[in-house]
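# Architecture at a glance
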Amino acid sequence: MRGLILALSLALVAANQLSFTPEFSPGKTYEYKYEAHLLGGLPEEGLARAGVKIESRVWISPIAPDTFIMKLVEPALYEYSGIWPTETFRPASKLTTALAAQLLTPIKFEYNNGVVGKVFAPHGISTSVLNIYRGLLNILQLNIKKTQNVYELQEPGTQGVCKTHYVISEDSKADRIHLSKTKDLSHCQERIYKDFGLAGYTERCTECEARGKTMKGAAAINYVMKPSTTGSLILEATATELIQYSPINILNGAAQMEAKQTLTFLSIKKVPVEPISADYLPRGSLKYEFGSELLQTPIELLRISNAEAQIVETLNKLVSLNMGKAHEDSPLKFIELIQLLRVTKYESIEALWDQYKARSDYRTWLLSSIPAIGNHVALKFIKEKIISGDLTSFEATEALLSSLHLVVADLESLKLVEGLAMTPEVREHPVLREISMLGFGSMVYKYCAEFPSCPVELVKPIHELIIRALDRRDYDEVISAVKVLGNAGHPGSLKPIMKLLPGFGSSANNLPHRVHVEAVLALRRIAKREPKMIQDMAVQLFMDKEIHSELRMVSAIVLFETKLPIGLVTTLSQSLLKESNMQIASFIYSYMKALTKTTSPDYSSVAAACNVAVRLLSPKFERLSYRYSRAFHYDAYYNPWMVGAAGSAFYINDAATVLPRTVMAKARTYLAGAYVDVLEFGVRTEGIQEALLKVNDSPATDRLTKMKEAIKALSDWKAYPSSQPLASAYVKVLGQEMAFASIDKPMVEHIVQLANAVDIRAYGKKALDALLAGYTKQYSKPMLAAEVRRIFPTSVGFPMELSLYSAGVGAASLEVQASVSPPLPENINVGHLLKSDISLRAAVAPSISMHTYAVMGVNTAFLQASLMSRAKIHSVAPAKFAARLDMNKGNFNFQILPVEGVDTIASARVDTFAVARNVEDLEATKITSIIPAVNSTKLSKQNSTALRSRMASSLEDSSSASSEILFSKTLNQFASKLKIPKASMWKRCASSYTFGIKACAEMATRNASYVRNNPIYTAIGNHSFTLKVSPAAGPAVEKIEIEVQVGDGATDKIIKVINMSEEYEILEDKNVLLKLKKILTPSLKNSTTSSSSSSSSSRSSRSSPSSSASSVSSSRTSSKTSSRSSSKTSSRTSSKSSSRTSSKSSSRTSSNSSSSSSSSSSSSSRRKSKTIDRRISKTIDLAQVLNRTSKWRSSSSSSSRSSRPSLSVRSGSSSSISSSSSSSSMSKQELYEMNFTKNHIHQHSISAERVKSKSSAYSFESIYKKVRYLSNTVDSLVTILIHAKRADHQHQGYQTTVYYDKENSRVQIIFANLTESDKWRICADGVMLSEHKFMTRVTWGIECKQYNASIIAETGLVGKEPAARLKMTWERLPEGLKRYAKWASEYLSRIAVRNGVSQAKVKNIQKQIQLTAAVNETSLNVTLKTPQSTLYKLGLGLPISLPLGETAAELEAYPDSWTHKLSYMLTKAHAAQCVLVNDRLITFNNKKYKNEMPHSCYQVLAQDCTSELKFMVLLKRDQHAQHNEINVKIENMDVDIYSRNNATVVKVNGVEILSANMPYQHSTGNIQIREKAEGVSLHAPNHGLQEVFFNQTTVKVQIADWMRGKTCGLCGKADGEVKEEYRTPNERVSKNATTFAHSWVLSGQSCRHTSECYMKLESVKLEKQVNHFGEDSKCYSVEPVLRCLPGCMPVKTTTVNVGYHCLPIDTNLNRNDGLSSIFQKSIDLRETAEAHLACRCTPQCA
């Protein structure tokens, strides 16, 4: 009974329990009022916004279980563009009428327990209208749990499957349920969006987004429901969605899109909603579906009624408006053409092509716009045109390249590209096939980026292509296919790539090295999707020390790009401590060290790990040479803006050669939480150096035979792989490889063949005929530079779009007309042109117009409402010119003619505005500037203080406030009351009166920074910039002419005769200036009347060359010269004589004494001298007067002036003679002094006094004073006029005249302004004092008297080394030039010291800079002395061996070939050297060891270890004479060099070469033998053997740089790897020098052989029995040991430590078969063994 009561109670409770699930009862129609709007703009009020609004009543009625019907009643659409919130939505009546049929059509949907299922609609409802229904249905989506009131789940909705929070509360009193549902749109399991254009190439930076957000969104819906036992009735639902976006972090301000929806219950009707009589088709679910918005650009809304006709109309406008000049609005029209083509059928595009393909101007526009269609139609069209041959190679390449990267990746497009790559027409064209193959990989990558679960079948054709290519051994095809897989980045390609790598594929070791490298590089794109898998593979490759070092370094690059964890970084660092290959150690260490400084967020964890690793490794690897491989990485990332850039460069070498094996560089940019690898390129130079420098002839059969016979004696020798002459390069853009090229010998031969086939003369004649007939060309080229779009749905159902468009049009017109007199003959040559008078007139007008649009807002085919920023750039730079070249008369005339009607050269404008428009009423389009007009709002006085306070407090909290998404009106509402600032204007003009040109730059800006001062608000607004060029004020200029006259007519062309008087001009205002000077300096009189003898001495000891620049009288020197007396007094002669004596004196005492003796007469005439000083120019600088006064004052008041350093120009030394007070600094300076001995011998003897004098300055002065201005004695050699032709025939411009005095080897150049009243000039005089010395003096200013400087260049010796010295002195320079020189000096000093240049802070000669350089064959010593310091760099290596000393003698072998001389100097400078002195050897890698040489047996000293065997150098110790001898096998020569009777003997192919026949030159190859330093040298640089030197005690071998890493023998491999130096013939690295040296012995054949080598290399058995791993074993050496031949006994032995391999003691080992492979076995233990060095054989030996 109790049980029955309990059951009834539970049933009653269950019957009375309320249900929260929404319910629509059968037989009833529920009527709601629906209103939704979407607004976009900045969050503050008072700024413009754009949006759309929909209003309607909604009827919902059930028609079947779980199936309902929804109908909109009286729907109405509105649009908004205006200042928010002062303006209202405008009805879009025409659009509402046009869409009424679709909006009024009811739809069906499944609905069960609050969850919306499938949606059904007739075919007549477009996807865009159906999405509006989905926005309404999204409100009805409720996942209500009965047992929980607060919970979260991933809920499907219009925007995708996103994280949703539910909060349910019950108001029992009001009988209401309040439900709140919020969605975090930034955390969606499946976010619906669509990327279009180049957006598919960006990579998401998760670490960047963790530091800041560029887009953040959330949605909230609040419900009020009335519960019942059967279900709840939704009384009211209010939805709000807010999305913020900023390209540089929303914390710095962001634009926003705000959506609001309200659904209010009105009533319940009894009349059910009836569906229309049409088939209701399944149309998806609640999730948003993309429709025509993909074809609609957000920039312009077009009403397309007849697409074909509109295309023709637009095309006609584009062609007509851009005939030779880019129209300002043509980029927008070009985008319009693209949009029309996107909605056009393929057949219509074909018809357009057929109509216009014969017209080149229309053809260009079509071929530029069709690839931008962006779908499979473009690919199909281009494919068909390539197959039909309608396109030229260039057109096909350009169209295919652009279309493959603009087309949306879908299955149809993938099939088209795959088929295109396999068509015969493309396969026969290497460039097209390469582009199509790489493009296919890029398409796969974009498709898989959109659909991560893309099937592996997409790349199966490439996998099969690799298999077929491997079967054919077509490795170029393998590399091409691997690059395609690298572009695709599909994880399913991992196994096929692994099969190509050593250690993973069974036959991978047999593949070329370059295949391995490309296979590893192809893993980088896969690593972005599967980093863990790639890490495991890359680590395994890196740790394998048997593979090529370059492959290991490339594996490390891939490994670091996977952002490896700290554990792997530690593993790498520990392996480096044991690494024997220094190339790898240097590369990894430098990469780790570079990454420690990174600031980019995605590598922050790697940087932290590398910091720890570098601390461990720095003591060992910090000072490695730059010859080793290195990695560089630089980046900069600004977190507040989420903007950054990074660059990486990799320098990979494997043998320390000058040219690296591989160079790679990559640039990356970070923006808006994503990154993209903008550009990457790589170059491989494998074999290119060898191909350029070695002899490319057929191998000598006899040489190869002899070398192979010798090599047979080596134990198990292995040749290095021969690198074929090869260079390759690739380019990646946006992370995708765009092109690659491999240059090999067949390609070079093909290019040479094509070049030789071109008839240059015929092409030249054709071009000349075209110019003479007149050539006119108009060209225009459009380009869609960027299209980046992201489209995602909003809760209202309208799509929101973020997009960036950039399009440009470039155009140019060219008109050329030429004439030649006399007429040219039919068979012309260059000689005819050189004797002709050629006239040319041309006009060129390049122009460009570019538009860039950034859009955020609603974009559909029928309505647009968005915030748009538009940047327009337009530039036109027309030019007209005429030229005349009269070759016979030496006249060259160039005229720049005026261009009419163009004053604006460039203009740029940026506008940000809100736009709203619909396709049915385009005339009603409303565009509102985002910043309101200046007078639209006013700030009242009474509110100004309060508003400023509110603004300040708001800005203080802006960083925190903007980080949250707000749904109420708290977003800086005071902005609408702020006073709108006026636009700021800026204008700068510059004019040239000389040429009559005025240029003005104007800029105006008006932005929203008054609201918030941050980058986004500063950029938003209106900005403009204009650059205008117009005629300057003054007389009109007809043209600008540049004329050059050379030869006899140069003097006649002089317009302004520079009549430089020999006498000083008397200033008209002399008395006024003297009075002013007395007023400013009242003590001047007393100061000028007295002067100390020490001051006079100091002045008299100064050098005269620079000071004489201001002199204009032959009877007087400057005020700064050694004498200041009048030319009419005898004291002047005495003073000058004393000055010369002083400069030559060997003691300072005699110098001062002589100077003092002349000071009295000098000072007595100083007053007159000062009066003359004031007559130098018509304008005197006041600062100059004061400066002189201060000097004279200090001269009279200080007697210590005599201790000032003397500034003499001495013939043997460049050092200054300092007083005792500066002796300490002088001694310090001497440490950096290079004693320069000049080669100069005076050639201009004027008098006996000149002959005795050693002063170069005196020689210059004598020549200068003899004829001060050459215009008086010689005619002009060259006259250059740059002047403007005025309407009044007055001259203005510049004139340069050049005079040449052949007798005195003197050149004079005078530059002057043609304006009659302008006396500012530049005068330059240069005299060749001898073959070793040249002196130049430059003066400038008013009549060349204000400023001066002298430059002396001379050659000489520093010690025994040739040297050159450049010295510049000056007396007075402009203040501006001084400031700039000081800044430049300090800056260059810092840069120099930073780059290893030493600096000494010493006081040098004032007002002088001296540069001295001394050279030897391979290095340079440089010293630069400035007044304040000395910079020096000693032993600076030269990239070339200079033709000095031994090199000069060696170059005599190439008397007629500069190519061979240059090649020789290059190879010698970078040669690797090995030296043997007696038995002590220094290898190519500079490792030293003692060579215990066996008697009478040859050892391989050095040889080419590739299969080409270009040379071999053998070494032998003569047992009887106890001397070394060598044998060199090269070309078809067998050269023996040895000592006999203390003389060196040379035999070539058995014939002795006598000393009288030296140097010996080989008849066929570039091989020379010559005597050198008591020995003999053999030179064969083109064969890789730079030099082999031999004398009594020394053997020296030098190999060319391109042979590094390819040699073997006692001298080593020359690869820089010291730890791997002891490499034996079978590639095993020995532990000791003796075993290594013995491994390179050529074993004897028999004991009766004439070579008398009675030893051979063999494996020896360990005498004792060992227990190896618990088993008795017998051991055999795996390293060969020298033993006497059978029948011979040792007479000299040594012990060696060798490795043994052990076998079980009962193993039967056949000595002939078993020991043949023992050298390949592993080493189990090391023991000593006896090696024989000399043997004696019995007469009975076999």
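Residues numbered from 1 in each chain as written. Predicted model: local features only at pLDDT ≥ 70, side-chain atom pairs only at ≥ 80, totals over all residues. Heavy atoms only, no water.

## Describing the nonpolar core
- With 140 residues, the main nonpolar core has Leu523, Phe560, Phe587 and Met592 as its most contacted residues.
- Those residues within four positions of Phe587 in sequence are excluded, and the remaining contacts are Met553, Ala556, Ile557, Ser629, Arg630, Ala631, Phe650, Tyr651 and Ile652.
- Grouped together as the second largest cluster of nonpolar side chains are 87 residues, Ile107, Leu140, Leu263 and Phe798 included. (Core = buried A, V, L, I, M, F, W, Y, C linked by side-chain atoms within 4.5 Å. Buried < 20%, exposed > 50% of the residue type's maximum accessible area, 1.4 Å probe, protein only. Contact = heavy atoms within 4.5 Å.)

## A look at unusual backbone geometry
- Going from Ser821 to Pro822, the amide bond is cis rather than trans, its omega being -5°.
- Looking at where Pro822 falls in the secondary structure, it is placed in the loop between strand S23 (799-821) and helix H28 (830-833).
- A positive phi angle, near 70°, is found at Asn1486, a position not held by glycine.
- Position of Asn1486 relative to the elements: it lies in the loop between strand S47 (1480-1482) and strand S48 (1488-1490).
- Positive phi is not limited to glycine here, since Phe1669 has a value of about 55°.
- Note on placement: Phe1669 falls in the loop between strand S62 (1666-1668) and strand S63 (1671-1677).
- For Phe1669, a relative accessible area of 77% translates into the label exposed. (Helix = DSSP H or I, 4+ residues; strand = E, 2+ residues; numbered from the N terminus.)

## Considering the sheet that holds strand S65 (residues 1688-1704)
- An order of S62-S63-S65-S66 is seen for the 4 strands of this open sheet, with the pairing classed as antiparallel. Lying at the two open borders of the sheet, with one neighbouring strand each, are S62 and strand S66 (1725-1737). Sheet twist, expressed as the average angle between the axes of neighbouring strands with direction ignored, equals 50°.
- Sheet topology places S62 next to S63; 3 bridges connect them, and they run antiparallel. Bridging across to S63, Val1666 finds its partner in Ser1673. (Pairing = 2+ DSSP bridges. Axes fitted to C-alpha atoms, helices over the stretch in contact; angles between N-to-C directions.)

## Describing the pattern of salt bridges
- By the definition in use, this model includes 69 salt bridges.
- We note a salt bridge from Glu550 to Arg684, for which the minimum N-O separation is 2.4 Å. Taken together, the positions of Glu550 in helix H20 (residues 549-561) and Arg684 in strand S19 (residues 674-684) put the pair 134 residues apart, joining distant regions of the chain.
- Judged by its relative accessible area of 0%, Glu550 falls in the buried class.
- Judged by relative accessible area, Arg684 falls into the buried class, the value being 8%.
- Where salt bridges share partners, they join Glu31, Arg57, Glu74 and Lys269 into one cluster. (Salt bridge = Lys/Arg side-chain N within 4 Å of Asp/Glu carboxyl O.)

## Some details on the packing of helix H15 (residues 475-488) against helix H17 (residues 513-521)
- At a closest axis distance of 9 Å, the pairing of H15 and H17 adopts a crossing angle of 10°. Relative to H17, H15 is oriented roughly parallel. The segment H15 lies against H17, with Tyr475, Asp476, Val478, Ile479, Val482 and Lys483 engaging Arg514, Val515, Glu518 and Ala519. (Parallel < 35°, antiparallel > 145°, perpendicular 65-115°, else oblique.)

## Regarding the packing of helix H5 (residues 307-321) against helix H8 (residues 360-369)
- Axis separation between H5 and H8 bottoms out at 10 Å; the angle between their running directions is 115°. As for how H5 packs across H8, the hand of that crossing is right-handed. Of H8, the residues touching H5 (which contributes Leu315, Asn316, Leu318 and Val319) are Asp361, Tyr362, Trp365 and Leu366. (Left-handed = near helix turned anticlockwise from the far one by under 90°.)

## Focus on the environment of Gln736
- Within the secondary structure, Gln736 sits in strand S21 (residues 736-743).
- Residues Gln736 and Gly441, 295 residues apart in the sequence, show an inter-C-alpha distance of 8.6 Å.
- What Gln736 contacts, discounting residues up to four positions off in sequence, is Tyr201, His405, Gly441, Ser442, Tyr445, Asn487, Arg525 and Val731.

## Overview of the sheet that holds strand S53 (residues 1543-1548)
- Spatial strand order, S54-S53-S52-S51-S50-S49-S60: 7 strands in an open sheet with antiparallel pairing. The two strands at the open ends of the sheet, each matched to only one other strand, are strand S54 (1551-1552) and strand S60 (1607-1608).
- Pairing geometry for S53 and S54, over 2 bridges, is antiparallel. Residue Lys1547 lies in a different strand from S54, and its bridge partner there is Glu1552.

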